[in-house]
Amino acid sequence: MKFSNFRFAKLGIVMAWAAAIGGTQATQYVGSYSDAYSAAAQNSTVVTERFVVTVASEAQVNAVLGQISDRLETHAAPSGNSFSLLPQNGANAGASDQRSSLWARAGIDNVRENDVTTLGGWNANLWSLALGYDYKFNDKFLAGLALTYSNLNGTTKFNNGKIRDNAYGLVPYVAFRVMPCFDIEAMVGYSRVSKSRSRGTAASITDRTLSGTKATSSPKSNRWFGALYGNYRHHIQKWNLLARLGYLYATDRQKSYNEAGGSTTAYAGLNNSVNRVSLRLQAGYKVSNTVEPYGFLTYARDFGATKMKFSPLTAGLVDYVDPNTRRSNNTFGGGLGLNAHMGCSWTTSLEANYAQSKKFRNIGGMVRVAKKF
C-alpha cells in the first residue's frame, strides 16, 4: 500500500507540474514523445510507425506469394474431384518445362487510423513495386529473388505533420511442394528506409492547434522481415479452393536522429516489431481455361508490440502509454481478384482488398504480370 500511495503521489506531482508549464496537457499523447513547451506529439510516434512496418512488409510478402502461386501450377484443365496444388489455368498457360520466370508487381494501400489522440488520427498512401526472377529446379522446388521499392506519403493530423518513407529492399524466397495438395513458402526481406517527418509546434504556450513553425527530421532505419506460409489447395469441378496459414515477423530499427525546429533536438533509436499470424480462405471459379475470378476472406492476429527508447528525457514528459495496450489484436478483411493467361506464357493477376481492425483500416489494390520462359 505504501508503494502504491507513493506512485499515485508521484504521478499527481508530475501532472500538476506539467500542466503549470504553459498549458501542457498532463496526459501523454498515446505512443509518442511529448514536447513540453507545446504539448505536441513527437513526430516518430510508436503507433504510426508500427502500422507502417506491418503494411509495408505485407506488401512485399503478398507480391511474392502471388508469383509463387502462378509458378507452381500444373497446367492441367480441372476435372472431377481430383486434387490440384494450385488453381488450374489450362494447357495454354505454358509448357511444364518452363524453368524461368520474370515478374513485376505494383500495388497501392490506403491506410488510416482514427483517433490516435484527441487531436485526430493519421492517413497515408503506400505505393509498392517489385521486380523478380525465379528458377524452377523441378516440379517441387523453386527459388527466386525480388527487388522491391515502396513510397509512403501521408498526413499525421494528431501533430499537424507529414510522414514520408522511401524504402529499397531485397526479398529472396523459396517454395516447396510437399504433396499434390500442400506446399510451403519461406522468405526473408531487408529494406533500407529513408524517412521524412514533420510536425507542428505551438505558436504560443496556450496554442493547442500546433500552428507554429514546423519541426522536421530525417530518420534512417533498417527493416527486416521473415515469413513462413503453408497452403492447402483443392479443386472440385471448376472451383479452386485455398486455405493459407502463415506467420510474419518484421522489425524496423530506426537509428538516432536530430530534429530541427523542436524544443528537443536529439532523439535515440526507435525499435518496432511485428508478430502476426494470418489466415486466408479463397474460392475461385474458372470461367474458361484462361480466366478465373476469385474471392477471399482474411484474418490476422497480432502478438507483441513496439519497444521504444528515447533520449533525452524532455522536461514535463509524462509516461507514454504501453503500445501493447494500443495494438489491434484482430484484423478482418476480404477482397476480389482475377487470374488470367494472355498467351505466349504471359500471366496476370488483379486484386482488390479491404482490412479493418479496431481503429485501423486498409484499402488496397495490386496488379502482377509474369513471363515464363
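This text goes with the structure placed above it.
Predicted model only: the values in this text are computed from it and were never measured. (Residues numbered from 1 in each chain as written. Predicted model: local features only at pLDDT ≥ 70, side-chain atom pairs only at ≥ 80, totals over all residues. Heavy atoms only, no water.)

1. Observations concerning the pattern of salt bridges
This is how the line gets drawn: What counts as a salt bridge is simple: a side-chain nitrogen of Lys or Arg found within 4 Å of a carboxyl oxygen of Asp or Glu. Think of it this way: any DSSP run of H or I at least four residues long counts as a helix, any run of E at least two long counts as a strand, and we number them from the N terminus. Burial here depends on accessible area, computed with a 1.4 Å probe over protein chains only, as a share of the maximum for the residue type. Under 20% is buried, over 50% is exposed, and the range in between is partly exposed.
Tallied over the full model, the rule gives 13 salt bridges. Residue E58 pairs with R276 through a salt bridge whose shortest N-O separation is 3.3 Å. With E58 in helix α2 (residues 46–71) and R276 in strand β11 (residues 270–285), the pair connects residues that are 218 residues apart, well separated along the chain. Using a relative accessible area of 22% as the deciding quantity, one classes E58 as partly exposed. Looking at R276, the relative accessible area reads 7%, which means it is buried. One salt bridge in this structure joins R223 and D165, with 3.8 Å as the shortest N-O distance. Of this pair, R223 sits in strand β7 (residues 220–236) while D165 sits in strand β4 (residues 161–179), placing them 58 residues apart in sequence. In this structure, R223 and D165 share a single accessibility class: buried.

2. Section: the environment of K359
With respect to the element layout, K359 can be found in the loop between β15 (346–356) and β16 (360–372). In this structure K359 comes out as partly exposed when scored by relative accessible area, which is 27%. On a C-alpha basis, the gap between K359 and G121 in space is 9.4 Å, while along the polypeptide they are 238 residues apart.

3. A short note on empty space enclosed by the protein
In plain terms, the rule: In this analysis, the protein atoms alone were mapped onto a 1 Å grid. Cavities are point sets where a 1.4 Å probe fits without being able to get out; pockets are open sets with protein on both sides within 12 Å along at least five of seven lines; lining residues have an atom within 4 Å of a point. Grid points are joined across faces, edges and corners, and a volume is the space filled by probe spheres set on the points.
Going through the model one piece at a time under the given rule, you end up with seven cavities of 30 Å³ or more. Taken as a whole, the second largest cavity spans an internal volume of roughly 60 Å³. Looking at the second largest cavity, the residues that line it are A56, A59, Q60, A63, R105, S128, L129, A130, T148, Y149 and S150. Considering each element in turn, the lining of the second largest cavity owes the most residues, four residues, to α2.

4. A short note on the nonpolar core
Within soluble globular proteins, side chains that are nonpolar tend to cluster in buried spots. Here is the rule we go by: For this analysis, a nonpolar core means a set of buried residues of the types Ala, Val, Leu, Ile, Met, Phe, Trp, Tyr and Cys, connected via side-chain atoms within 4.5 Å. Note on definitions: a residue-residue contact is assigned when non-hydrogen atoms from the two residues lie within 4.5 Å.
Ranked by internal contacts, the top residues of the largest apolar core, which has 22 residues, are V61, V64, W103, Y173, M187, F225 and A227. Secondary structure elements with two or more residues in this core: α2, β3 (141–156), β4, β7 and β8 (239–254). Of all the elements, α2 adds the most residues to this core, at six residues. Setting aside anything within four residues of it in sequence, one finds A227 in contact with V61, E185, A186, M187, Y247 and L248. Formed by 12 residues, the second largest nonpolar core is a distinct cluster that contains F51, V111, A124 and L152.

5. Describing the pairing of strand β14 (residues 330–343)
What counts, and what does not: Only strands that DSSP links by at least two bridges are regarded as paired with each other.
In this sheet, β14 lies alongside strand β12 (residues 291–303) in antiparallel orientation, the contact comprising 11 bridges. Looking at β14, one finds that G295 is bridged to L336. As paired elements, β14 and β15 share 11 bridges and run antiparallel to each other. Along β15, the bridge assignment pairs G334 with Y354. Linkage of β14 to β15, two consecutive antiparallel strands, is achieved through a turn of two residues, within which C344 is found at a positive phi near 55°.

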